[in-house]
Amino acid sequence: MIREKVIVGEGTEYPLNGMLTIPECTGSERTGVPVPAVVMVHGSGASNMDEKVLKLTPFKDLAEGLARHGIASLRYDKRSFVHGRKMLKAGDVTVKEETIEDAVLAVNMLKADPRIDSGNIYILGHSMGAMLAPRIDAEGGDVKGLIMMAGTPYRLEDIVVRQLKQAEGNNPIIRGIVGLERKVYADKFEGLYEMSDEEAKKKKFAGGMTLYYFKEMGLKTASDYLLESSKPVLIMQGGKDFQCLADEDFKGFQEQLAGRENTEYKLYPYLNHCFVTAICDDITKASKEYSLERHIGEDVIKDIADFVKAWDAR
């Protein structure tokens, strides 16, 4: 495979280092045949181009695995990872500035590359990136289809409160502290959509983030966007994921999108949020869960490749 260092958003206020991975045996000057490609969109928080979390590197695993199946990929450092302080100074950051603008730039970069089949580009979003994938497509991405890994059809603030509830655990002291934190955040979110934008911008959430971040994102969910589109979607979920839940989030997509055409679902009973074999089924042990090096298996990579190739042929 060919690995090329690139700059997403070169010449803009927020340039980002990236990696374009292209299958060596196809789509090169030697064959002249363009290849399908995916743009990888991170989950929440500041992440590098590999979406590294402790010892896990899911985006690197996916990029190299998909290249073996003849599919190119573009991954890049998240804007908040490189330019976090600058973004905070700018104020009123939303997912548009944090994620969507750069994902659209990345898609357009691929569309301009003659080695890439511009009509067969997919957004591959993980976690919050999966939540935003349909919006990215609707707001300028205009891709062939979507691959949504460990996402949720619910609003971000609902997931924040739910994860705090999960984190209370069995220790009475921790349960008391986290339970209080959960109540504080739940109270902050109360009446969010009745607030004006200016009100929401004045109310702090944490770390320089205001409630407007949640309000702006929550006006339309992933399911809302998907129901306005007929583009092919692959929704993937690990059964041992304690951040997005198979029984709630994956099932929620199936219920909300019932009857939607061009929608496929894949559940992996023993995989975690990063689509590697789970060790712990407990959000309070997240650091242990992600501290042992593991890699995404061929079954997951092949399912993505098969989905892309099936639609590539249509």
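Our subject is the structure listed above.
The model shown is predicted, which means the values in this text are computed figures rather than measured ones.

**Remarks on the sheet that holds strand 10 (residues 263–268)**
(1) Moving on: The strand order across the open sheet formed by 8 strands is 1-2-4-3-5-6-9-10, and the pairing between neighbours is mixed. Edge positions in the sheet fall to strand 1 (2–8) and strand 10, since each of these pairs with one other strand and no more. Recorded for the sheet is a direction-independent mean angle of 20° between the axes of neighbouring strands.
(2) Moving on: Alignment of strand 9 (residues 233–238) against strand 10, held across 6 bridges, turns out to be parallel. Bridge pairing links Leu234 to Glu264 in strand 10.
(3) Moving on: With respect to the sheet, helix 3 (residues 95–111) is in contact with strand 1, strand 2 (16–22), strand 3 (35–41), strand 4 (72–76) and strand 5 (116–126), its orientation differing from that of strand 3 by roughly 165°.

**Focus on the environment of Gly218**
(1) Moving on: In this structure, Gly218 sits in helix 8 (residues 211–218).
(2) Moving on: For the pair Gly218 and Glu157, spaced 61 residues apart in sequence, the C-alpha to C-alpha distance is 8.2 Å.

**With respect to helix 4 (residues 128–141)**
(1) Moving on: Between its first and last C-alpha, helix 4 extends only 17 Å over 14 residues, short of the 20 Å set by a 1.5 Å rise per residue.
(2) Moving on: For helix 4, the principal kink sits at Arg135 and spans about 35°.
(3) Moving on: Of all 14 residues making up helix 4, 11 are buried, and the element is well covered by its neighbours.
(4) Moving on: Burial in helix 4 covers these residues: Met128, Gly129, Ala130, Met131, Leu132, Ala133, Pro134, Arg135, Ile136, Asp137 and Gly141.
(5) Moving on: Count one or two residues on from helix 4 and you reach Asp142, which has phi positive near 45°.

**Considering the packing of aromatic side chains**
For any pair of aromatic rings, the description rests on two quantities: the centre-to-centre distance and the angle between the ring planes.
(1) Moving on: Under the defined criterion, the tally for this structure stands at 9 aromatic pairs.
(2) Moving on: Residues Phe242 and Tyr290 carry aromatic rings whose centres are separated by 6.1 Å and whose planes lie at 45° to one another, so their mutual orientation is tilted. With Phe242 in the loop between strand 9 and helix 10 (246–256) and Tyr290 in the loop between helix 11 (286–289) and helix 12 (298–312), this pair connects stretches of sequence that are 48 residues apart. Note on accessibility: Phe242 and Tyr290 belong to one class, buried.
(3) Moving on: Connected via pairs of aromatic rings, a cluster forms that spans Tyr185, Phe189, Phe205, Tyr213 and Phe214.
(4) Moving on: For the cation-ring pair, Lys201 lies above Tyr212, with the distance from its terminal atom to the ring centre recorded as 4.8 Å.
(5) Moving on: Between Lys220 and the ring centre of Tyr225, over which it is positioned, the NZ or CZ distance is 4.2 Å.

**Some details on empty space enclosed by the protein**
(1) Moving on: By the definition in use, this model includes 2 cavities of 30 Å³ or more.
(2) Moving on: The calculated volume of the largest cavity comes to roughly 100 Å³.
(3) Moving on: Contributing to the lining of the largest cavity are 14 residues, with Met131, Met217, Lys220, Thr221 and Ala222 lying nearest its centre.
(4) Moving on: Secondary-structure elements contributing two or more residues to the lining of the largest cavity are helix 4, helix 8 and helix 9 (222–226).
(5) Moving on: The element contributing the most residues to the lining of the largest cavity is helix 4, with 3 residues.
(6) Moving on: Tallied by class, residues from the lining of the largest cavity come to 8 nonpolar, 3 polar and 3 charged.

**A word on the pattern of salt bridges**
(1) Moving on: Inspection of the entire model under this criterion finds 22 salt bridges.
(2) Moving on: Between Arg115 and Asp113 there is a salt bridge, with the nearest N and O atoms lying 2.8 Å from each other.
(3) Moving on: A residue is classified by how much of its surface remains accessible, and Asp113, at 13% relative accessible area, is buried.
(4) Moving on: The partner of Asp197 in a salt bridge is Lys215, with the nearest N and O atoms 2.7 Å apart. One end of the pair, Asp197, is in helix 7 (residues 197–202); the other, Lys215, is in helix 8, with 18 residues separating them in the sequence.
(5) Moving on: Of the residues examined, Asp197 reaches a relative accessible area of 34% and is grouped as partly exposed.

**Topic: the side chain of Arg294**
(1) Moving on: With respect to the element layout, Arg294 can be found in the loop between helix 11 and helix 12.
(2) Moving on: In this structure Arg294 touches Leu56, Asp61, Asn272, Val276, Thr277, Ala278, Ile279 and Glu289, once residues within four positions along its chain are discounted.

**Side note on unusual backbone geometry**
(1) Moving on: Phi at Glu51 is positive, roughly 55°, even though this residue is not glycine.
(2) Moving on: Along the chain, the position of Glu51 falls in the loop between strand 3 and helix 1 (58–68).
(3) Moving on: Residue Glu51 is classed as buried on the basis of its relative accessible area of 6%.
(4) Moving on: The phi angle at Ala150 is positive, at roughly 55°, despite the residue not being glycine.
(5) Moving on: Tracing the chain through its elements places Ala150 in the loop between strand 6 (145–149) and helix 5 (156–166).

Cut-offs and rules
The numbers attached to residues start from 1 for each chain and follow its sequence in the written order. Given that this is a predicted model, residues contribute local features only at a pLDDT of at least 70 and side-chain atom pairs are listed and counted only at 80 or more, while totals for whole chains, interfaces and linings are drawn from all residues. Here the side-chain values reflect all heavy atoms present in the structure, with hydrogen atoms and water set aside. By this definition, two strands are paired if DSSP reports at least two bridges between them. Numbering goes from the N terminus for both helices and strands, where a helix is a DSSP run of H or I of at least four residues and a strand is a run of E of at least two. Lines fitted to C-alpha atoms define the axes here, with helix axes fitted over just the stretch in contact, and angles between the N-to-C directions of these axes take values from 0 to 180 degrees. Contacts are assigned to residue pairs that have any heavy atoms within 4.5 Å of one another. Between the first and last residue of a helix there are one fewer steps than residues, each counted as 1.5 Å, and that sum is the expected span. What the bend at a residue measures is the angle between two axes, fitted to the seven residues ending there and to the seven starting there. A 1.4 Å probe rolled over the protein chains alone gives each residue an accessible area, and that area as a share of the maximum for its type sets the label: buried under 20%, exposed over 50%, partly exposed in between. The pairing test for Phe, Tyr and Trp rings, Trp by its six-membered ring, is centres within 6.5 Å, and the orientation test on the planes gives stacked under 30 degrees, edge-to-face over 60, and tilted for anything in between. Definition used: whenever NZ (Lys) or CZ (Arg) falls within 6 Å of the ring centre and also within 35 degrees of the ring normal, the charge is taken to sit over that ring. Both site types are read off a 1 Å grid over the protein atoms alone. A 1.4 Å probe that fits but cannot get out defines a cavity, while an open set with protein on both sides within 12 Å along at least five of seven lines defines a pocket; lining residues have an atom within 4 Å of a point. Grid points are joined across faces, edges and corners, and a volume is the space filled by probe spheres set on the points. Residues were grouped as follows: Ala, Val, Leu, Ile, Met, Phe, Trp, Tyr, Cys and Pro as nonpolar; Asp, Glu, Lys and Arg as charged; and all remaining residues, including Gly, as polar. Here a salt bridge means any side-chain nitrogen of Lys or Arg lying within 4 Å of a carboxyl oxygen belonging to Asp or Glu.

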